[in-house]
Amino acid sequence: MTTKPEKRSIQELAIRVNMVIIPQALGVPGNISMSVLRNYMHEWGFMYRRHKKDIYFDGHERLDVVAYRQEWAYEMMKLKKFMDNYEGEEEDVVVSLELPDGAPKIVMNSDNLHKQLIDDAIPLFENLHPGCQAVFLFDQSSNHHAYASDALVASRLILSDKDLFADKEPIMKEGWYMDGNKRVWTALGVQSILEGRSLGLWDKYKKEGKYWKTKCGEKEPNDDATCCPFHMLEAQPDFKEQKCKLPEAVEDAGHICMFYPKYYCETNWIERYWGGAKAISRQECNYSFASLRNNLPSFLNRISPAPIELEDGSAFQPTPTKIRQFYKRCWRYIEAYSELKDEKENHELVAKFTSRRFLSHRRTGVHD
Ligand SMILES: [Zn+2]
């Protein structure tokens with residue numbers, strides 16, 4: 001035990017009490033549970049204080065982040081109308097919704113790799129839930145926003161045409177623009193693409209004796225995207241409609257793709273799943289990597305039980321109570337955020353739903 005006494009977590013304290021203090025004092029191994037210890041801590045005058053850094057990170061109150069969070073939560077609430085819900089003490093009662101004719105049931109999902117998505121996740125989902133539409137939720141890591149190698153991305157082009165073809169293969173799929181009613185295909189450099197669309201301000205600048213700078217150097221374009229050729233091309237409809245490759249794969253397969261709001265992991269139930277498994281692994285840790293590796297599947301299964309094979313060869317799926325509780329808890333936050341309440345109101349609203357857990361007296365709060 002290397003942690004200083006005043007910095008020990010309740011898990012570390014339990015290990016110390018059971019493995020050092022009780023054996024030394026009584027000569028037998030200790031068996032004090034975490035909840036008993038928590039009650040004693042309370043009795044001894046210790047307070048449980050939520051460490052906000054566990055959940056929030058700098059930037060979570062930025063206006064654009066809050067606006068995205070609300071818009072996302074509002075869209076999620078619309079989708080929730082097409083999803084199952086869970087009730088009962090053990091979350092074992094599945095409440096299926098009456099769907100309007102032709103509306104597919106929607107099932108939540110989450111994954112992170114393009115190949116895994118195409119080869120495994122989408123086919124697996126379609127096998128498990130035939131006729132249903134999936135919502136694939138990704139976090140906002142930058143590789144989740146990556147573009148396909150042939151995507152229409154202006155910043156991958158150069159101004160002139162000549163280097164556009166590498167080994168005579170176009171490095172970018174052809175774009176299009178409308179000439180009257182006709183769709184015209186292009187595979188050119190920025191200048192030719194713009195001039196082919198009767199755009200570009202080279203002549204205008206030249207007449208004024210000035211030079212239209214190739215790259216303005218700003219991250220965002222000016223209001224009408226005339227600051228430079230690259231921003232002007234980026235604002236063209238075909239370049240604007242170019243999706244990143246994850247949404248492209250999901251939407252091409254007829255499913256829904258969404259990105260979690262930044263900094264709001266309380267709306268992401270997979271984070272709660274990892275959190276639950278981590279809490280068990282901390283309680284049962286013996287500080288050996290080999291045992292952690294051996295025990296990890298069982299820690300995960302205790303949060304979301306795997307199917308059990310029965311003697312007759314059939315499989316029994318125990319109710320995944322904890323996962324369903326996490327699921328419902330996330331939805332409470334999403335619902336609160338969809339109504340654009342502030343931070344304090346959101347927590348009060350969620351606490352009201354979950355006050356049941358604080359009713360037992362002498363019990364200090366459990367980490368959210
Ligand atoms: Zn610009």
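Everything numeric in this text was worked out from a predicted model, so none of it was measured.

1. Description of the packing of helix 3 (residues 63-80) against helix 12 (residues 321-338)
Two elements in contact, helix 3 and helix 12, have axes whose closest approach is 7 Å; the angle formed by their N-to-C orientations is 120°. It follows from the interaxial angle that helix 3 and helix 12 lie oblique. As for how helix 3 packs across helix 12, the hand of that crossing is left-handed. Contacts between helix 3 and helix 12 involve Arg69, Gln70, Ala73, Tyr74, Met76, Met77 and Lys80 from the first element and Trp331, Ile334, Glu335, Tyr337 and Ser338 from the second. Broken down by class, the residue content of the contact of helix 3 with helix 12 amounts to 7 nonpolar, 2 polar and 3 charged.

2. Overview of helix 1 (residues 10-26)
In the structure, helix 1 departs most strongly from a straight axis at Val17, where the bend amounts to approximately 40°. By the burial criterion, the buried members of helix 1 are Leu13, Ala14 and Ile15. Close packing links the buried residues of helix 1 with helix 2 (34-43).

3. Topic: unusual backbone geometry
Within the chain, Glu91 stands out as a residue other than glycine whose phi angle is a positive 55°. If you check the backbone angles, Ser198 has positive phi at about 55° while not being a glycine. When you line up the elements, Ser198 lands in the loop between helix 5 (190-196) and helix 6 (202-207). For Ser198, a count of 8 C-beta atoms within 10 Å corresponds to the exposed category.

4. Points about the environment of Met232
Here Met232 lies in helix 7 (residues 229-234). Excluding residues that lie within four positions of it along the chain, Met232 makes contacts with Leu194, Leu199, Ala225 and Thr226.

5. Some remarks on the nonpolar core
Counting residues in each nonpolar core, the largest one holds 16 residues, and the members touching the most others are Leu117, Phe136, Leu137, Leu246 and Val250. Of all the elements, strand 4 (residues 133-138) adds the most residues to this core, at 5 residues. Grouped together as the second largest cluster of nonpolar side chains are 10 residues, Met76, Trp269, Cys330 and Ile334 included.

6. Considering the confidence of the model for the protein
Chain-level pLDDT for the protein is 77 on average; 74% of the residues reach the 70-or-more range. By mean pLDDT, strand 5 (residues 165-166) is the weakest element of the protein at 41, and helix 6 is the strongest at 93. Taken together, the stretch residues 355-368 has pLDDT below 50 and engages in 12 contacts with residues farther than four places along the chain or on a different chain.

Calculation rules
Sequence order as written defines the numbering, with residues in each chain counted from 1. The predicted nature of this model means local features are confined to residues of pLDDT at least 70 and side-chain atom pairs, given and counted, to a pLDDT of 80 or more, with totals for whole chains, interfaces and linings taken over all residues. Note on geometry: axes are C-alpha line fits, over the in-contact stretch for helices, and angles between N-to-C directions span 0 to 180 degrees. To qualify as a helix, a DSSP run of H or I must reach at least 4 residues; to qualify as a strand, a run of E must reach at least 2; elements of each kind are numbered from the N terminus. Throughout, the term roughly parallel applies to angles under 35 degrees, roughly antiparallel to angles over 145, roughly perpendicular to angles from 65 to 115, and oblique to all others. Take the far helix as the reference: if the near one is turned anticlockwise from it by less than a right angle, the crossing is left-handed, and if turned clockwise, right-handed. Any pair of residues counts as being in contact when their C-beta atoms, constructed from backbone geometry, are within 7 Å of one another. Lys, Arg, Asp and Glu make up the charged group, whereas Ala, Val, Leu, Ile, Met, Phe, Trp, Tyr, Cys and Pro make up the nonpolar group; the residues left over, Gly among them, are polar. The seven residues ending at a residue and the seven starting there each receive a fitted axis; the angle between those axes is the bend at that residue. Partly exposed residues are those falling between the two cut-offs: more than 12 but fewer than 20 other C-beta atoms within 10 Å of their own, whereas 20 or more means buried and 12 or fewer means exposed, with C-beta atoms placed from the backbone. By our criterion, buried Ala, Val, Leu, Ile, Met, Phe, Trp, Tyr and Cys residues that link up through C-beta atoms within 7 Å make up a nonpolar core. Each residue carries a pLDDT score, the predictor's own confidence in it, on a scale running from 0 to 100.

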